[in-house]
Amino acid sequence: MTNKKIVFFDLDGTLMSHDKTILPSTKEALHALREKGVITVICTGRAPRMFQELLTELEFDSYVSMNGQHVVYESNELFSNPMNTDILTELSALAKENGHGITYSNSEVFAANAAEHPLVAGSLGRLKLKYPEVDEEIFAHSPVHQIQLYGNMDDMQSYKDRYQEDYVFIHWDENAVDMLPKGASKAVGIRKLMEHLDIPVENSYAFGDGPNDFEMIEFVGTGIAMGNAIPELKEKADLVTDTCSNDGILKGLLACGLLEEAEVSLHNNH
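The rules behind the values
Residues numbered from 1 in each chain as written. Predicted model: local features only at pLDDT ≥ 70, side-chain atom pairs only at ≥ 80, totals over all residues. Heavy atoms only, no water. 1 Å grid on protein atoms, 1.4 Å probe; cavity = no way out; pocket = protein on both sides within 12 Å on 5 of 7 lines; lining within 4 Å. Points joined across faces, edges and corners; volume = space filled by probe spheres on them. Helix = DSSP H or I, 4+ residues; strand = E, 2+ residues; numbered from the N terminus. Nonpolar A, V, L, I, M, F, W, Y, C, P; charged D, E, K, R; others polar. Pairing = 2+ DSSP bridges. Contact = heavy atoms within 4.5 Å. Axes fitted to C-alpha atoms, helices over the stretch in contact; angles between N-to-C directions. Buried < 20%, exposed > 50% of the residue type's maximum accessible area, 1.4 Å probe, protein only. Phe/Tyr/Trp six-rings, centres within 6.5 Å; stacked < 30°, edge-to-face > 60°. Lys NZ or Arg CZ within 6 Å of the ring centre and 35° of its normal. Core = buried A, V, L, I, M, F, W, Y, C linked by side-chain atoms within 4.5 Å.

Here the largest pocket defines a volume of roughly 560 Å³. Along the wall of the largest pocket there are 28 residues; nearest its centre are Asp12, Lys20, Leu127, Trp172 and Asp209. Only α1 (11–15), α5 (118–126), β9 (146–150) and β10 (167–173) provide two or more residues apiece to the lining of the largest pocket. Of all the elements, β10 adds the most residues to the lining of the largest pocket, at four residues. Of the residues that constitute the lining of the largest pocket, the class distribution is seven nonpolar, 12 polar and nine charged.

Structure below.
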């Protein structure tokens, strides 16, 4: 076992502040971690195409994406778990019939089942993301690791009832849920990466704020909930830091002892 340390960061509401930007204190904290040899990893429900610019801006080359369905370490794919094509074919036909939006995610592509669907545009707009390309049969020629369904919550319940034996649904916006195979979670992807690196659980840390962060926060050695996290996640966490817009990442890293004040110029962050 190595004595290296590793930290996993959720994106929305965690690494990114409420206005979807990265605070200077967060950038400085990430830089300070890397200087110390701590491994830093993005761990998100988003598909890689939805955070490509951040990878470059923040110098990440390792990530767990699509809620653990796809894992990359130093730009090499470690794990990939695509969804069943027959289910995707059936689901897509159902959504089209009912006028519901779908977006399909894999490691290369982020695509929608229809042009300018208002609920898709609304949910992605709140993430400050562009409307994806349209490819309603992407699953016929490419693996799909996760889909997002868009409709009102009563409509979403009908999909949950139909597929609940084999799939989980994670609510992330007022009209949107992620759908992924049962048993998939950020923790699955994290475990794959830590086994590959031979890092013991006690040397792992994670920051999160939402419903798709439960397994991650419980699995790692030290789980840190943001000040803006849902109450249930705060209860499960080992530590609760400040909000994502109030230097929560830096404060959390100081509180858990991964960084010391001398390693970051706190006075420059305000």
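In spatial order, the strands read β5-β4-β3-β2-β1-β12-β13-β14; together these eight strands make up an open sheet with mixed pairing. This sheet does not close on itself; its edge strands, each paired only once, are β5 (76–80) and β14 (239–240). Summarising the sheet, strand β1 (residues 6–9) and strand β2 (residues 39–43) pair through four bridges and their orientation is parallel. Of the residues in β2, the one forming a bridge with Ile6 is Ile39. Sitting on the sheet, helix α8 (residues 186–197) is in contact with β1, β2, β3 (63–65), β4 (70–73), β5 and β12 (204–208), with an inclination near 155° to β1. Sheet strands in contact with helix α11 (residues 248–255) are β1, β12, β13 (222–225) and β14, and its direction is about 150° off that of β12.

On the secondary structure map, Ser65 appears in strand β3. Judged by relative accessible area, Ser65 falls into the buried class, the value being 0%. For the pair Ser65 and Ile42, spaced 23 residues apart in sequence, the C-alpha separation works out to 7.6 Å. For Ser65, the residues in contact, after removing those within four places along its chain, are Thr44, Arg46, Pro48, Phe51 and His70.

Scanning the model with the defined rule gives six aromatic pairs in all. Between Phe9 and Phe60, the aromatic rings sit 6.5 Å apart at their centres with planes inclined by 70°, giving edge-to-face as the arrangement. Of this pair, Phe9 sits in strand β1 while Phe60 sits in the loop between α3 (52–57) and β3, and the two are 51 residues apart along the sequence. The class for Phe9 is buried, based on a relative accessible area of 0%. Taking relative accessible area as the criterion, Phe60 reaches 5% and is therefore assigned buried. Here the aromatic rings of Phe51 and Tyr63 are separated by 5.2 Å at their centres, their planes lie at 85°, and the arrangement is edge-to-face. On the criterion of sequence distance, the pair formed by Phe51 in the loop between β2 and α3 and Tyr63 in strand β3 is long-range, its members being 12 residues apart. Taking relative accessible area as the criterion, Phe51 reaches 1% and is therefore assigned buried. What makes Tyr63 buried here is its relative accessible area of 10%. An aromatic cluster of three or more residues is present, and its members are Phe9, Phe60 and Phe207. Cation over ring: Arg34 sits above Phe60, and NZ or CZ is 5.6 Å from the ring centre.

So, about the nonpolar core. Formed by 32 residues in total, the largest nonpolar core has its most connected members in Phe9, Leu15 and Leu259. Of all the elements in the fold, those that place two or more residues in this core are β1, α1, α2 (24–35), α3, β12 and α11. Non-local contacts of Leu259, meaning those with residues more than four positions away in its chain, are made with Ala29, Ala32, Leu33, Lys36, Leu250, Leu253, Leu254 and Val264. Leu94, Ala95, Ala111 and Phe169 belong to the second largest nonpolar core, which has 22 residues in total.

Our focus in this paragraph is unusual backbone geometry. Of note in the backbone geometry, Lys20 takes a positive phi value of approximately 70° without being a glycine. Relative to the assigned elements, Lys20 resides in the loop between α1 and α2. For Lys20, a relative accessible area of 19% corresponds to the buried category. If you check the backbone angles, Lys128 has positive phi at about 60° while not being a glycine. Along the polypeptide, Lys128 turns up in the loop between α5 and β8 (133–134). Residue Lys128 is classed as exposed on the basis of its relative accessible area of 60%.

Distances and angles like these do not, on their own, reveal function.
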